[in-house]
Amino acid sequence: MVTHSQSARTEPAGPPGPTSSAGVSERARPGIAQRILGFTERGWRPIALLVVLFFAWWAVTAAELIEPYLVPSPGDTFDAIASRPDYFWEHTWATTYETLLGFVIAAAVGVFAAVVMVQSATVEKTLYPLLLFAQVIPKIAIAPLFVVWLGFGIGPKIVVAVLMAFFPVVISMVTGLKSVDPEMLQLSATMGAKPGQTFWKIRFPASLPHLFSGLKVAATMAVTGAVVGEFVGADAGLGFVILQANGNLDTPVLFAGLLIMSLLGVLLFVLVEWLEHLVLPWHASRRTEGVTTTL
Amino acid sequence: MTGYAVEIEDVAVRFRTKKRDVTALRDVTMRVDPGEFVAIVGPSGCGKSTLLKLSSGLLAPSSGSVKLLGERVSGPRKDVGYVFQKAALLEWRTARKNILLQAEMRGMPAKEAKARADELIEMTGLTGFEDAYPHELSGGMQQRVALCRALLHRPPVLLMDEPFGALDALTREQMNVELRRIWQETKTTVLLVTHSIAEAVYLADRVVMITARPGTVAGVIEVNLPVDRDYGKTMSEPEFAKATRHIRDHLGAAAVAE
């Protein structure tokens, strides 16, 4: 895999670019006002798309093209939330709590597993099939088992969230830890660096961009995991809300639950992305506009 | 001490790949005096970079012996400075912090390291760019940072593996002039691998020619140019023309004979 850094470093033997021999390129760090302006400049298209989709939803229901009990209007959906704010708040919080806890545990377990795995090829070969097995087994199928084992409380939801979220973390972190320039490691050897120094000063920071892409995937998976956990047995959470609403054919509440759930995933994703900006201001993908960034 | 900075005696390096055994180097013997600037030229894939890896202990020879500063090399050596074709800088560190990595790894006193870094930053013309990140620097500037990092601990031997190979022609010439000056100022031993004959002759006191498959020493020539070498002037010296011609003939003849 060619990383951004490598492609940025190797220069063609052709004539130097405008900044090539002059040294530092002119790139002032933007102020807050500029950043907000920059965000609205870049961010208006997705926002416009959302507005259009929302309008389409409203138009379809207003024209009564579809029966209201199949697709409720945006107004009915928001009314469902507004009429029972405490109910929605309680269940949203339950799912948020499970998701966050599941995500944090998945991140910790994932990073730890990756660090252990890159220590030796033997350990990696031994653990990999187990990890893969844990990933491919359908979570919805084993979730009832966790309910049997752990009861109806928060336990099974967190276990399912962790199971769903930790695989992308391990894979990306292993890739990251292995992505270090071999010449950098050779240099480190001629510097007489101890293994711990090489790890903390070179390997670990170099792996962070990869880790964050894994964390972003994990963030969305954690929400799904928590809801799947709620589906098989719960008395709280958005999964519970949706199941109940489904049973009563209460589509406005069902849609409200879906809406909040999606929002939760997006928020967690953006939170991880914001953390990434904070931790890795130097990272190459920050410097070029990529499809994987929303900020 | 045997008196040599680098001593490579009858060395062979063989790699075992899945399909066959490859001999990278065979019957290689070369000696480098302390303070000498030696260039190694040869076609790509002739094993010239392998010679640097042997000298620093990053690679062990299949047979023969390698000595650095009179001591047999067994395992990575700390008493060298290494510069690769890629600058190999840490993206999350500024130029100065990249240079100081050397000091951190070695546990050098912070104050001494900082002073030395400032000295090198000035010597290599990096002043004003100390706090820039690698992606904000041009290829030439990045390579200067790599050079400073390699010189921070005042290594008795500097190993350079095609350090200017990725630079454009003009920057490369400029870097050649600066390297020659820095070598004169630091008086360190330099072993430079290059595929540019002109670069080798301009920079070095002696040029070792290596031919490919397997890598063997095709000959060694002394470059009888003055110590102070003006770039333009040197290029038009008869001795420069003679030396480059000699090397070209030698490497070319070997290629034809094969």
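Residues numbered from 1 in each chain as written. Chains lettered and ligands numbered in written order. Predicted model: local features only at pLDDT ≥ 70, side-chain atom pairs only at ≥ 80, totals over all residues. Heavy atoms only, no water.

1. Notes on the overall build of chain A
Link 1 in the chain: A tally of helices and strands in chain A yields twelve helices and zero strands.
Link 2 in the chain: In chain A, the succession of helices and strands from N to C terminus is α-α-α-α-α-α-α-α-α-α-α-α.
Link 3 in the chain: Relative to its full complement of 295 residues, chain A shows a buried share of 41%.
Link 4 in the chain: Sequence separation of at least 24 residues holds for 72% of the intrachain contacts in chain A that already meet a minimum separation of 6.
Link 5 in the chain: As presented, chain A carries roughly 16200 Å² of accessible surface, and 71% of it is formed by carbon and sulfur atoms. (Helix = DSSP H or I, 4+ residues; strand = E, 2+ residues; numbered from the N terminus. Buried < 20%, exposed > 50% of the residue type's maximum accessible area, 1.4 Å probe, protein only. Contact = heavy atoms within 4.5 Å. Areas by Shrake-Rupley, 256 points an atom, 1.4 Å probe, with all protein chains shown as cover.)

2. Some details on the overall build of chain B
Link 1 in the chain: Broken down by element type, chain B carries eight helices and ten strands.
Link 2 in the chain: Whereas a compact globule of 258 residues would reach a radius of gyration of roughly 18 Å, chain B reaches 18 Å, a difference of no more than 12%.
Link 3 in the chain: For chain B, the C-alpha atoms occupy an extent of roughly 55 × 45 × 40 Å along the three principal directions.
Link 4 in the chain: Looking at chain B as a whole, 57% of its 258 residues are labelled buried.
Link 5 in the chain: The contacts of chain B with a sequence gap of at least 6 include a subset with a gap of at least 24, amounting to 69%.
Link 6 in the chain: Accessible surface computed for chain B: about 10800 Å², of which carbon and sulfur atoms make up 51%.
Link 7 in the chain: Between the mean site of the 35 positive side-chain charges and the mean site of the 33 negative ones, chain B shows a separation of 6 Å. (Rg over C-alpha atoms; globule rule 2.2 N^0.38 Å. Lys, Arg positive; Asp, Glu negative; His and termini not counted. Charge placed at Lys NZ, Arg CZ, Asp CG, Glu CD.)

3. Points about the environment of A:Gly155
All names here are of chain A.
Link 1 in the chain: Checked against the element boundaries, glycine 155 lands in helix H7 (residues 155–178).
Link 2 in the chain: For glycine 155, a relative accessible area of 25% corresponds to the partly exposed category.
Link 3 in the chain: When the C-alpha atoms of glycine 155 and alanine 82 are compared, they prove to be 30 Å apart, with 73 residues separating the residues in sequence.

4. Some details on the UniProt feature "transmembrane region" (unreviewed entry) in chain A
Link 1 in the chain: What UniProt calls "transmembrane region" (unreviewed entry) maps, in this numbering, to residues 47–66, 99–118, 130–152, 158–177, 211–233 and 253–275 of chain A.
Link 2 in the chain: Helix makes up 100% of residues 99–118 of chain A and strand 0%, and the two end C-alpha atoms of the span are 28 Å apart. (UniProt positions renumbered as here; feature names shortened; annotations may be inferred.)

5. Here's the deal with unusual backbone geometry
Link 1 in the chain: Even without being glycine, A:Glu64 reaches a positive phi, approximately 55°.
Link 2 in the chain: Structurally, A:Glu64 can be placed in the loop between helix H2 (32–62) and helix H3 (74–83).
Link 3 in the chain: When its relative accessible area of 62% is taken as the criterion, A:Glu64 is described as exposed.
Link 4 in the chain: In this structure, B:Leu69 is a non-glycine residue whose phi angle is positive, near 50°.

6. Description of the UniProt feature "domain: ABC transmembrane type-1" (unreviewed entry) in chain A
Link 1 in the chain: UniProt feature "domain: ABC transmembrane type-1" (unreviewed entry): in the numbering of this structure it lies at residues 92–272 of chain A.
Link 2 in the chain: Annotated as residues 92–272 of chain A, this span is 88% helix and 0% strand, and its ends, taken at the C-alpha atoms, are 19 Å apart.

7. Topic: the environment of B:Leu159
Residue and element names in this part refer to chain B.
Link 1 in the chain: With respect to the secondary-structure elements, leucine 159 resides in strand E7 (residues 157–161).
Link 2 in the chain: Through-space distance from the C-alpha of leucine 159 to that of leucine 90 is 20 Å; in sequence the pair is 69 residues apart.
Link 3 in the chain: With near-sequence residues (within four places) excluded, leucine 159 lies in contact with Leu52, Ser55, Ser56, Val80, Gly81, Tyr82, Val83 and Leu191.

8. Some details on the sheet that holds strand E9 (residues 206–211) of chain B
Residues and elements named next belong to chain B.
Link 1 in the chain: Spatially, E6-E7-E8-E3-E9-E10 is the arrangement adopted by the six strands of the open sheet, whose pairing is mixed. Either end of the sheet is taken by a strand with one partner, and the two such strands are strand E6 (80–83) and strand E10 (216–222). Shown here is a sheet whose adjacent strand axes are inclined to one another by a mean of 15°, direction ignored.
Link 2 in the chain: In this sheet, E9 lies alongside strand E3 (residues 37–41) in parallel orientation, the contact comprising four bridges. (Pairing = 2+ DSSP bridges. Axes fitted to C-alpha atoms, helices over the stretch in contact; angles between N-to-C directions.)

9. Observations concerning the pairing of E7(B)
Residue and element names in this part refer to chain B.
Link 1 in the chain: By the criterion of burial, E7 is predominantly enclosed, with five of the five residues buried.
Link 2 in the chain: Of the two faces of E7, the one holding Val157, Leu159 and Asp161 and the one holding Leu158 and Met160 are both buried throughout.
Link 3 in the chain: With four bridges connecting them, E6 and E7 associate as parallel partners. Considered in E7, the bridge of tyrosine 82 is made with leucine 159.
Link 4 in the chain: Running through helix H5 (residues 169–186), the crossover from E7 to the neighbouring parallel element strand E8 (residues 189–194) is right-handed. (Right-handed = clockwise from strand over helix to strand, strands pointing away.)

10. Re helix H1 (residues 48–56) of chain B
Three- or four-residue spacings in an α-helix give side chains the same orientation, since the helix completes a turn every 3.6 residues.
Residue and element names in this part refer to chain B.
Link 1 in the chain: With seven of nine residues buried, H1 lies mostly within the body of the structure.
Link 2 in the chain: If you check which residues of H1 are buried, you get Lys48, Thr50, Leu51, Leu52, Leu54, Ser55 and Ser56.
Link 3 in the chain: Just beyond H1, the residue with positive phi is glycine 57, at close to 80°.

11. Examining the sheet that holds strand E1 (residues 6–16) of chain B
Residues and elements named next belong to chain B.
Link 1 in the chain: Within the open sheet, the four strands sit side by side as E2-E1-E4-E5. Their pairing is antiparallel. One side of each edge strand has no neighbouring strand; the edge strands of this open sheet are strand E2 (21–32) and strand E5 (71–72).
Link 2 in the chain: The sheet contact formed by E1 and strand E4 (residues 63–68) spans five bridges and is antiparallel. Along E4, the bridge assignment pairs glutamate 9 with serine 65.
Link 3 in the chain: Against the sheet, H1 touches E1, E2 and E4, its axis set at about 115° to E1.

12. Focus: the side chain of B:Asn176
Link 1 in the chain: Of note, B:Asn176 is situated in helix H5.
Link 2 in the chain: Excluding residues that lie within four positions of it along the chain, B:Asn176 makes contacts with B:Phe164, B:Glu199, B:Tyr202, B:Leu203 and B:Tyr231.

13. As for the pattern of salt bridges
All names here are of chain B.
Link 1 in the chain: Scanning the model with the defined rule gives 22 salt bridges over all chains in all.
Link 2 in the chain: With a closest N to O distance of 3.9 Å, arginine 154 and glutamate 119 form a salt bridge. With arginine 154 in the loop between helix H4 (139–151) and E7 and glutamate 119 in helix H3 (residues 110–123), this pair connects stretches of sequence that are 35 residues apart.
Link 3 in the chain: Owing to a relative accessible area of 37%, glutamate 119 belongs among the partly exposed residues under this scheme.
Link 4 in the chain: The shortest N-O distance in the salt bridge between arginine 144 and glutamate 178 comes to 2.7 Å. Note that arginine 144 is positioned in helix H4 and glutamate 178 in helix H5, a separation of 34 residues in sequence. (Salt bridge = Lys/Arg side-chain N within 4 Å of Asp/Glu carboxyl O.)

14. A look at helix H5 (residues 121–136) of chain A
Residue and element names in this part refer to chain A.
Link 1 in the chain: Counted at 1.5 Å a residue, the expected span for H5 with its 16 residues is 22 Å, and the 22 Å between its end C-alpha atoms agrees.
Link 2 in the chain: Helix geometry: H5 is bent most strongly at leucine 127, by close to 30°, with proline proline 129 lying one to four residues after it.
Link 3 in the chain: For H5, every residue scored as buried is listed here: Glu124, Leu131 and Ala134. (Expected span 1.5 Å × (residues − 1). Bend = angle between axes of the 7 residues up to and from the residue.)

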